[in-house]
Amino acid sequence: MTTADALTYLSIPADADPEQLFPAREQMAFTLGFHIILVPFGVALTTLMLIAHHRGLRKGDTEALLLARRWSKVAAVLFAVGAVTGTVLSFELGILWPGLMKNYGSAFGFPFAVEGLFFFLEAIFVSLYIYGWDRMRPWAHFWCGVPVSLAGLGGTASVVAANAWMNQPAGITLEHGKVVAVRPAEVYFNGAFWLEFLHMFIAAYIVAGFVVAGVYAAGMLRGRRDRYHRVGFVTGFAVAAYALPVQILVGDTIARQVFGDEPAKFAAIELLPTTSSHVPETLGGVLADGEVRYGLKIPDLASLLAGFRPSTRIDGLEAVPAQVRPTDAEATVVHWAFDIMVGTSFLLLAVALWFTWLWWLRRDRLATSRWFLRCASACGVVAVLCLESGWVVTEVGRQPWIVVGHLLTRDAVATHGNLWPFFGTVLALYSAVGAAAVWVLRAMARRWRQQGDAAAPVPYGPEHEVREGPVS
Amino acid sequence: MANLVTVFLFLGVIAYGLLAGADFGAGFWDLLAGGARRGRAPRALIDASLAPVWEANHTWLIYCLVILWSGFPTAFAALTTTCYIPLGVAALGIVLRGAGFAFRKVSLRTPEQRLYGAAFAASSVLTPFCFGSVAGALASGRVPAGGGGNALTSWLNPSGVLGGVLAVLVCAHLAAVYLTVTARRRGDGDLFRYFCVRGLASGVLAGAVSAGGIFVLRADVPRLFHNLTHRSLPLVLLAALGGLAGLVLLRAEEVRGLREAAAAAVALVLGGWGVSQYPYLLGTHVSLQDAASPDATLGVLVGVACVAGVLILPSLILLFRVVGRPGVDGRPPRRRS
């Protein structure tokens, strides 16, 4: 079904937005934006932990082994927070977006069933791994961690399959607007699936790698330049630095796919009001009253990037039917998010190249170059910013649709009750949980530094049987 | 096909009830364990028995949700647009509970532990109450087929409150029974008696509320009452028998078969509800068949459930076994008695 077909039975005036639409969108954005920061740690920190673990076992490297053990404790806390905030999202799908679940649950919903399977495996093997220190033979214990990484891969694929389906719905037969047949393989492996999945999966490794490296870079800046800090830093940074060029290549390919398959999103990304060729690449700027103001224009670049020649025609926002055209504000947000994503990626790439240069030519400078360490310790935050803006591009870029061409976001939202108290409570609760998580992790690190591991209680670990309950 | 998916859904509900239910109940006893010094020993036992398994147990909820929304999407939307208050509270309760528990484990200072512990324990009581009341709303037919039922009276009514209170009590009983057995295994006589008494009290209370609940259902949901006393009577009687057997074993301070008896009683009650409700998903107005997704989706769900049976169950068993295993480097062996 094309957008034009859909419009024949969607003839709602633009001012008919239910009052629940705004709080629902903001709440979903906030909770998803919170959860997505935890995803890289469930998906990729566990792999970093296994890399360190493998090195520790293979080469008898005690520092690497200690890193693996401590990372597993950090992963335990973050995995718990990720598990519960992920559960809230499943409730929100029903509470905030009943129209989506009611009409398309039979197609949109089942990739989550597959994801549930992977999440189950992940939860079981994370517990086994964390609890298995000192309880299992070393290599058997190591292999208990491998399913965690694999389940992270499968889980990411499944969640992204559902999201990609909203961008490029496929595999359903409709009769009078009702889904009467589903072709599961087409739903799961829809047109946007492979690249979007790859993009998110690599992003998880980049974010986890840079955040981990950033922690040890900050430690080295404070004078802790021992081997433990260097191994921790290099393990994280190297993984992220290797992944980054691949990610930029994938991102570039996706942009061309969006150009071909999701023209409305591409027009918003390029902040292009009118269809034309020789489209300049606009950096920054705002769209107001259908015109681009401010911003830096690089002639022909957008056309060149989209079709490899300056004469490439790009559809502007005017090509989108007026009723389903993103607002000026939405297009500006998408455009800025895209610019921030690309800009931060190249910033990170520059630091990664710096790292490579130091690694090959002046390895002794790696731990002593203060400016490099300062930049490296900022990379974690920059990578999170990059991840968030990429997510804004795909989600806001789809508006006003929740399922492109099939269902408008305003038709999917709950129409009963006042959602503000729910949103308010969520805001307060998540702020508290986020602050407490940071606080708890910092306290753990401080304790490790001051008292070593033996004195520190282990979350989910066997030592805990010795020291339990409140200490007064 | 819809029936098969329902069976798998109900197996998930029972697993969630037996495993996560006990985790919720442990939070109930954590809440009542008293001050930091007095409650130290029971809280330590609760911590040690929950920590390795609660996330895996929690995952059964995700399993039930995804099967419900993919397999019966219209009924799912009807439920969420009607019971959004208890469902929203339950979701927030789950966040508080998980975060509180995870943070308490890694905190050393008593005031912090108190704060996180209170968040964990209080939400462990609130969440099962909400789930129980949603079950009551569903069973008593107060969720309209198109959704958007009354946001308050749909679950704040005799059946909903009965469901909520019963859920809290049953969770508490299950937890007390499991913790009694764990305390005995560790050879801790004080904690054994501590949880034995609480198991008895909560068991008697849960039994009394269940018996009284029959009359509530008779007045409030005649069809369910009729089916419980006819079609599902064998299950109901067996459940009562299991519950009684558990109480007798607790009274005799005998742990062999204790967990099995209590778990069987709870599973049979849930099963009895399912059988009485069949073939309807919502009250008596939406049947499973009406609400079911196209066959291909149901097929995927059956496939997922089968793969779960092949992959998840052995992994879970491995986890439960390793948790009870002593360390490889000569840590104290598990005590049996």
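This text goes with the structure placed above it.
Residues numbered from 1 in each chain as written. Chains lettered and ligands numbered in written order. Predicted model: local features only at pLDDT ≥ 70, side-chain atom pairs only at ≥ 80, totals over all residues. Heavy atoms only, no water.

**Brief notes about the overall build of chain A**
Moving on, step 1. Within chain A one finds 15 helices and eight strands.
Moving on, step 2. Relative to the compact-globule value of 23 Å for 472 residues, chain A shows a C-alpha radius of gyration of 24 Å, a close match.
Moving on, step 3. Oriented by its inertia axes, the alpha-carbon framework of chain A measures out at about 70 × 50 × 40 Å.
Moving on, step 4. In chain A, which comprises 472 residues, the share counted as buried stands at 58%.
Moving on, step 5. Taking the contacts inside chain A whose residues are at least 6 apart along the sequence as the reference set, 76% of them involve residues at least 24 apart.
Moving on, step 6. Accessible area of chain A: about 18800 Å², with a carbon and sulfur share of 65%. (Helix = DSSP H or I, 4+ residues; strand = E, 2+ residues; numbered from the N terminus. Rg over C-alpha atoms; globule rule 2.2 N^0.38 Å. Buried < 20%, exposed > 50% of the residue type's maximum accessible area, 1.4 Å probe, protein only. Contact = heavy atoms within 4.5 Å. Areas by Shrake-Rupley, 256 points an atom, 1.4 Å probe, with all protein chains shown as cover.)

**With respect to a nonpolar patch on the surface**
Residue and element names in this part refer to chain A.
Moving on, step 1. A grouping of Val286, Tyr294, Trp336, Ile340 and Leu385 is seen on the molecular surface, where their side chains present a nonpolar patch of about 490 Å² in accessible area.
Moving on, step 2. If you trace the backbone, valine 286 turns up in strand S4 (residues 286-288).
Moving on, step 3. For valine 286, a relative accessible area of 30% puts it in the partly exposed group. (Patch = residues over 30% accessible without salt bridge, like charges linked within 9 Å, V, L, I, M, F, W, Y side chains within 5 Å. Salt bridge = Lys/Arg side-chain N within 4 Å of Asp/Glu carboxyl O.)

**Some words on the pairing of strand S2 (residues 178-182) of chain A**
All names here are of chain A.
Moving on, step 1. Two strands pair when backbone bridges link them, and strand S1 (residues 172-175) and S2 are joined in this way by four bridges, in the antiparallel orientation. In the strand pairing of S2, leucine 174 is matched with valine 179.
Moving on, step 2. Counting the residues in the hairpin turn of S1 and S2 gives two residues, including histidine 176, whose phi is positive at 50°. (Pairing = 2+ DSSP bridges.)

**Concerning helix H3 (residues 54-71) of chain B**
Moving on, step 1. When the terminal C-alpha atoms of H3 of chain B are compared, their 26 Å separation across 18 residues agrees well with the 26 Å that a helix rising 1.5 Å per residue should span.
Moving on, step 2. The buried count for H3 of chain B comes to 18 of 18 residues, which makes it a mostly enclosed element. (Expected span 1.5 Å × (residues − 1).)

**Details of the interface of chain B and chain A**
Moving on, step 1. Counting residues at the interface gives 72 residues for chain B, matched by 70 residues for chain A.
Moving on, step 2. For the pairing of chain B and chain A, the buried interface totals around 6700 Å² over both sides, and the portion due to carbon and sulfur atoms is 74%.
Moving on, step 3. For chain B, the biggest contributors to the area lost against chain A are Trp69, Val106 and Leu108 of chain B; these three give 10% of the whole.
Moving on, step 4. For the pair chain B and chain A, the interface holds zero salt bridges.
Moving on, step 5. Remark: the boundary between chain B and chain A carries 10 residue pairs in polar contact (both at pLDDT 80 or more). (Buried area = accessible area lost by both parts, 1.4 Å probe. Polar contact = N/O pair within 3.5 Å; in protein donor to acceptor, adjacent residues only side chain to side chain.)

**Observations concerning the side chain of glutamate 330 of chain A**
Residue and element names in this part refer to chain A.
Moving on, step 1. Summarising the element assignment, glutamate 330 is placed in helix H12 (residues 328-361).
Moving on, step 2. With a relative accessible area of 14%, glutamate 330 lands in the buried category.
Moving on, step 3. Side-chain polar atoms of glutamate 330 contact the side chain of arginine 25, separated by 3.2 Å.
Moving on, step 4. Beyond its immediate chain neighbours, meaning those up to four positions away, glutamate 330 contacts Arg25, Val396 and Gln399.

**Quick look at the packing of H3 of chain B against helix H13 (residues 295-323) of chain B**
Residues and elements named next belong to chain B.
Moving on, step 1. Following both chains from N to C, one finds H3 and H13 inclined at 175°, their axes separated by 11 Å at the closest point. In terms of orientation, H3 lies roughly antiparallel with respect to H13. Two secondary-structure elements touch here, H3 through Ala56, Asn57, Trp60, Tyr63, Ile67, Ser70 and Gly71 and H13 through Thr297, Leu298, Leu301, Ala305, Leu316, Leu319 and Phe320. (Axes fitted to C-alpha atoms, helices over the stretch in contact; angles between N-to-C directions. Parallel < 35°, antiparallel > 145°, perpendicular 65-115°, else oblique.)

**Some points on helix H4 (residues 73-82) of chain B**
Moving on, step 1. Along H4 of chain B, nine of the 10 residues are buried, which leaves the element largely enclosed by surrounding structure.
Moving on, step 2. What H4 of chain B keeps buried is the set Pro73, Ala75, Phe76, Ala77, Ala78, Leu79, Thr80, Thr81 and Thr82 of chain B.

**Section: the environment of leucine 419 of chain A**
All names here are of chain A.
Moving on, step 1. Summarising the element assignment, leucine 419 is placed in the loop between helix H14 (409-412) and helix H15 (420-455).
Moving on, step 2. C-alpha separation for the pair leucine 419 and leucine 195, spaced 224 residues apart in sequence, amounts to 35 Å.
Moving on, step 3. Setting aside anything within four residues of it in sequence, one finds leucine 419 in contact with Gln20, Pro23, Ala24, Gln27 and Leu96.

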